[in-house]
Every structure is written in structure tokens, then in C-alpha cells.
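# Examination of the molecular architecture
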Amino acid sequence: MRFPHGRLRRSVVLASVVATASAVTGLVPGTADAAPRGSAGVVRLLPSSVPTPTPTPSVSATPSVMVTPAQVVVPEGGSALIYVRLSQRPSYGWVTVDSQRLSGDSDLSIGPRLLFPADRYSEWQSLLVFAEEDDDATDGTATFESKISQLPGSGVAVWSAIELDNDAPTPSPAPSPS
């Protein structure tokens, strides 16, 4: 069978190949070719004469923010690092990740925003977490979120920080002997 070049679409060629294969094997496209009783039980499906589109991988235009570790311990008066990256390549150039404290101890704060170029979305970037000196002897905690600023409400990571206090607790007065 000879086809003029450029005149036939792929679906027509596929349909003719399936029809030829069906005529040779005696099988109807889209039906199971079951093995006879007592055999290994192999089932084979022939392609349907109606071509189905090849699925394209789903690519979301909205990457998520990934953070590790999910909880960081920060010494009072010092800092610690938390690492941030994107889950997938964004469909646009630069992505800005902003972080903010949602609740908790105001002595815990974070460093500047992070910028991710599209071609380096999977590289971990460090974010500084600070714990200011305070007068109490309590380990403070705070909850933070890191999110893509260009896409409010999407791609958010929530994480926490614990301030490891360096102040000794004030001893309670000893009871006086009676």
C-alpha cells in the first residue's frame, strides 16, 4: 500500500494499520485476545481504531514552597538556618518567597526574602531565623509561613521555631526553718 507523502494524517495511517492487523489476526480492535483454557491466561488488548491523544504530563503552573526542617531550634541571642526551595519549576522567570511570623513569641524573627530563578528552583536556599535576647527564662515558640509572593494563597509552607532560652530560671526562696 503506497500513500502520497504529506496527504494523510496519522490517524488514517493508524486506522489502516489496525485494520490490516485485524484482518491478519482475526481479532477485533479494542477487544481482549484471551488465551485458551488451561493456558497461562495472558490477555492482550489490540489498539482501538479510534486514536486517543497521548496524555501530556501535567505541569502545574503553581509550585509549592518546601521547607526543611519543619521545626528549628534557635539559641537565644543567636540564629539558626532553615532551608527553602520550590517543588517544581515555575512557568515564569523569577519567584519571590516571603516568610512571616503567623503567631507566637515576637523575639523570634526571620531574615530577608528569597529569590528563585526558574532554572534554579530546586536548589535549597538558607533563611536565617533569629532569637533576640530577652529577660525571661522561658523557651519561646513561634509559627511561620513561607509563601510565593506572586501567588497569594498558594504554595504555602508552615513551620515553627523554638527559642532555646539562656537565662537561668529565678530560684524560688527557700522556706525558712521554723
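Here goes a summary of the coordinates provided. (Residues numbered from 1 in each chain as written. Predicted model: local features only at pLDDT ≥ 70, side-chain atom pairs only at ≥ 80, totals over all residues. Heavy atoms only, no water.)

## Focus on the sheet that holds strand β9 (residues 125-131)
The strands that make up a sheet are held in pairs by hydrogen bonds between backbone atoms, and each pair lies either parallel or antiparallel. Put simply, the test is: DSSP bridges decide pairing: two strands pair if at least two such bridges lie between them. The helix count covers DSSP runs of H or I at least four residues long, the strand count covers runs of E at least two residues long, and both are numbered beginning at the N terminus. Between N-to-C directions, angles span 0 to 180 degrees; the directions come from axes that are lines fitted to C-alpha atoms, helices contributing only their stretch in contact.
Strand order in the open sheet formed by four strands is β3-β5-β9-β7, and the pairing between neighbours is antiparallel. With partners counted over all chains shown, the strands left at the sheet margins are β3 (65-68) and β7 (108-110), one partner each. With direction set aside, neighbouring strand axes in the sheet form an average angle of 30°. Pairing analysis gives three bridges linking β7 to β9, with the strands arranged antiparallel. From the neighbouring strand, serine 109 faces β9, where its bridge partner is phenylalanine 130.

## What to know about the nonpolar core
Defined as follows: Only buried Ala, Val, Leu, Ile, Met, Phe, Trp, Tyr and Cys residues count toward a nonpolar core, and they belong to the same one when joined by side-chain atoms within 4.5 Å. Any residue under 20% of the maximum accessible area for its type is buried, any over 50% is exposed, and the rest in between are partly exposed; the area is computed with a 1.4 Å probe on protein chains only. Residue contacts are counted whenever heavy atoms from the two residues lie within 4.5 Å of one another.
In terms of nonpolar packing, the biggest core is built from 23 residues, with Val65, Val72, Val84, Val97, Val129 and Trp159 touching the most fellow members. When residues of this core are assigned to their parent elements, the largest contribution, four residues, is made by strand β5 (residues 79-86). Discounting chain neighbours no more than four positions away, the residues touching valine 129 are Val72, Val74, Gly78, Ser79, Ala80, Ile82, Ser109, Ile110, Trp159 and Ala161.

## Side note on the pairing of strand β6 (residues 94-104)
Pairing between β6 and strand β8 (residues 114-117): four bridges, direction antiparallel. Its bridge partner lying in β8, tryptophan 94 is registered against proline 117. Relative to strand β10 (residues 141-148), β6 runs antiparallel, the two sharing seven bridges. Each residue of the ladder has a partner; that of glycine 104, found in β10, is alanine 142.

## Quick word on the packing of aromatic side chains
In plain terms, the rule: Two rings belonging to Phe, Tyr or Trp (six-membered ring only in the last case) form a pair when the distance between their centres is within 6.5 Å. Interplanar angles under 30 degrees mark stacking, angles over 60 mark edge-to-face geometry, and anything in between is tilted.
Overall, the coordinates contain one aromatic pair when judged by the stated rule. A centroid spacing of 4.7 Å and a plane angle of 15° characterise the contact between phenylalanine 144 and tryptophan 159, whose relative ring orientation is stacked. Of this pair, phenylalanine 144 sits in strand β10 while tryptophan 159 sits in strand β11 (residues 157-164), placing them 15 residues apart in sequence. We note that phenylalanine 144, like tryptophan 159, is buried.

## With respect to the side chain of aspartate 105
Applied cut-off: Positive charges are assigned to Lys and Arg, negative charges to Asp and Glu, while His and the chain termini are left out of the count. Each salt bridge in this description consists of a side-chain nitrogen of Lys or Arg and a carboxyl oxygen of Asp or Glu lying within 4 Å of one another. The term polar contact refers here to a pair of N or O atoms within 3.5 Å; inside protein, the definition further demands a hydrogen-donor-capable atom paired with an acceptor-capable atom, and it admits residues adjacent in sequence only when both atoms are side-chain atoms.
Following the sequence through the fold, aspartate 105 ends up in the loop between β6 and β7. Summary of buried charges: aspartate 105 has no salt-bridge partner, and the nearest side chain of opposite charge, arginine 101, is 7.1 Å away. Within the structure, aspartate 105 has its side chain in polar contact with the backbone nitrogen of aspartate 107 (distance 2.8 Å). Aside from chain neighbours lying at most four places away, what touches aspartate 105 is Gly140, Thr141, Ala142 and Glu163.

## Side note on the sheet that holds β6
Strand order in the open sheet made by the five strands is β4-β11-β10-β6-β8, with mixed pairing throughout. Of all the strands in the sheet, just β4 (71-75) and β8 have a single pairing partner and so form its edges. In this sheet, neighbouring strand axes are inclined to one another by 30° on average, regardless of whether the strands run parallel or antiparallel. Where β10 lies against β11, six bridges are found, and the strand directions are antiparallel. In the strand pairing of β11, threonine 141 is matched with isoleucine 162.

Such coordinate-based values are descriptive only and should not be taken to indicate function.
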